[in-house]
Amino acid sequence: MYYRDSKMEEALAEILDISLDTVDMLNLTIENDIGHDDFFYGYYVEFPQKTNIGEDILSNIKPSDVDKIPWGETKYYSESQFSNTSIDPFGYQAEWEYEKYLQAHTPSKENIINQLNKIKDIIFNECDETIKKSLILCSFSMVESYIKHLVWESVPDNLKENKSIIRKIENTRDRITLYKKHTNKTLKYIPYFQNVRHYLAHNIIKPTITNTQLELLDKDNNYCYYNIVQIIENLKDFIENPIE
């Protein structure tokens, strides 16, 4: 599969430090590098022999560009080489900037606790069961957002431009390690995160709710019961004191 995508071509031009017009005139194509194991390794570009390019085309290519073309070679490029260009063809930079914005603008502890109280009140009303389960999942999402923000604030400013920091903050174990590294303090695990949050995130239809009790099956097909009020109260306690 090859790409005639303007952003990919612009990114290739930036990688080679040549003009986009040169990429177009040479009709360079960016192809997927798929191994014998069907694994995607990145991209490659087959550059033509200079002797195969007509003089009418060569005369229109800037001399400085001519010297930068790896004539007759096949060059391999990683996804990161394309994503690290200013063109950002996959939108990774924009996604990272958005994540960075979220980490820096998470609501306060008080705001999240107020939201958790509102969720608890709504669940006590006779709303649809699916809505109740969605609100429980939302509770975990808000708490996790707060903890990710807490870890983000612990990271020195000079390290926040490193994209790997965002990836580490997204992972439970990694963010605990990161927080420990920069504060010498240990974060607690979010209560019920593994057994309730993960279950709802992957199969929100299957669990049932009776009054304020959530019923679900564990990995061994045993029924487990969780009091929804207790879940929310424990999440509030965690927000108040997330450090061991």
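Residues numbered from 1 in each chain as written. Predicted model: local features only at pLDDT ≥ 70, side-chain atom pairs only at ≥ 80, totals over all residues. Heavy atoms only, no water.

Q: Looking at this model, I keep getting lost on the overall build of the protein chain. Mind explaining?
A: The number of helices and strands found in the protein chain is twelve helices and seven strands. In summary, the protein chain has a C-alpha radius of gyration of 26 Å against a globular reference of 18 Å for 244 residues, an excess of more than 25%. Dimensions of the protein chain, computed from the C-alpha atoms along their principal axes, are close to 80 × 40 × 30 Å. Within the structure as shown, the protein chain displays about 14200 Å² of accessible surface, and the carbon and sulfur contribution to it stands at 47%. Across the protein chain, the mean location of the 27 positive side-chain charges is 9 Å away from that of the 40 negative side-chain charges. (Helix = DSSP H or I, 4+ residues; strand = E, 2+ residues; numbered from the N terminus. Rg over C-alpha atoms; globule rule 2.2 N^0.38 Å. Areas by Shrake-Rupley, 256 points an atom, 1.4 Å probe, with all protein chains shown as cover. Lys, Arg positive; Asp, Glu negative; His and termini not counted. Charge placed at Lys NZ, Arg CZ, Asp CG, Glu CD.)

Q: Could you clarify how one ought to interpret helix 12 (residues 228–240) in this entry?
A: One turn of an α-helix holds 3.6 residues; hence residues three or four places apart share an orientation. Its 13 residues place the ends of helix 12 19 Å apart at the C-alpha level, agreeing with the 18 Å of an ideal helix rising 1.5 Å per residue. What helix 12 keeps buried is the set Ile-228, Ile-231, Ile-232, Leu-235, Lys-236, Phe-238 and Ile-239. Down the axis of helix 12, the sector holding all buried residues measures 160°, keeping them to one side. Where helix 12 is buried, its residues contact helix 7 (109–124), helix 8 (129–154), helix 11 (193–202), strand 5 (208–210), strand 6 (213–217) and strand 7 (223–227). (Expected span 1.5 Å × (residues − 1). Buried < 20%, exposed > 50% of the residue type's maximum accessible area, 1.4 Å probe, protein only. Arc of directions from axis to C-beta. Contact = heavy atoms within 4.5 Å.)

Q: I keep staring at the pairing of strand 2 (residues 30–34) and nothing clicks. Help me out?
A: It is a general feature of regular strands that their side chains alternate between the two faces of the sheet. Strand 2 sits mainly inside the fold: four of its five residues count as buried. Where strand 2 meets strand 3 (residues 40–46), four bridges bridge the pair, whose relative direction is antiparallel. Residue pairing for strand 3: Asp-33 is matched across the bridge by Gly-42. Linking strand 2 to strand 3, which pair antiparallel, is a turn of five residues; within it Asp-38 sits at a positive phi near 65°. (Pairing = 2+ DSSP bridges.)

Q: Looking at this model, I keep getting lost on the environment of Ile-113. Mind explaining?
A: Here Ile-113 is to be found in helix 7. Given a relative accessible area of 10%, Ile-113 falls into the buried group. As for Ile-113 and Ile-239, which are separated by 126 residues in sequence, their C-alpha atoms are 7.6 Å apart. Leaving out residues up to four positions away in the same chain, Ile-113 has contacts with Lys-236, Ile-239 and Glu-240.

Q: Whenever I open this one, the pairing of strand 3 confuses me. Can you help?
A: As judged from the four bridges shared by strand 3 and strand 4 (residues 74–77), these two strands associate in the antiparallel manner. Along strand 4, the bridge assignment pairs Tyr-44 with Tyr-76.

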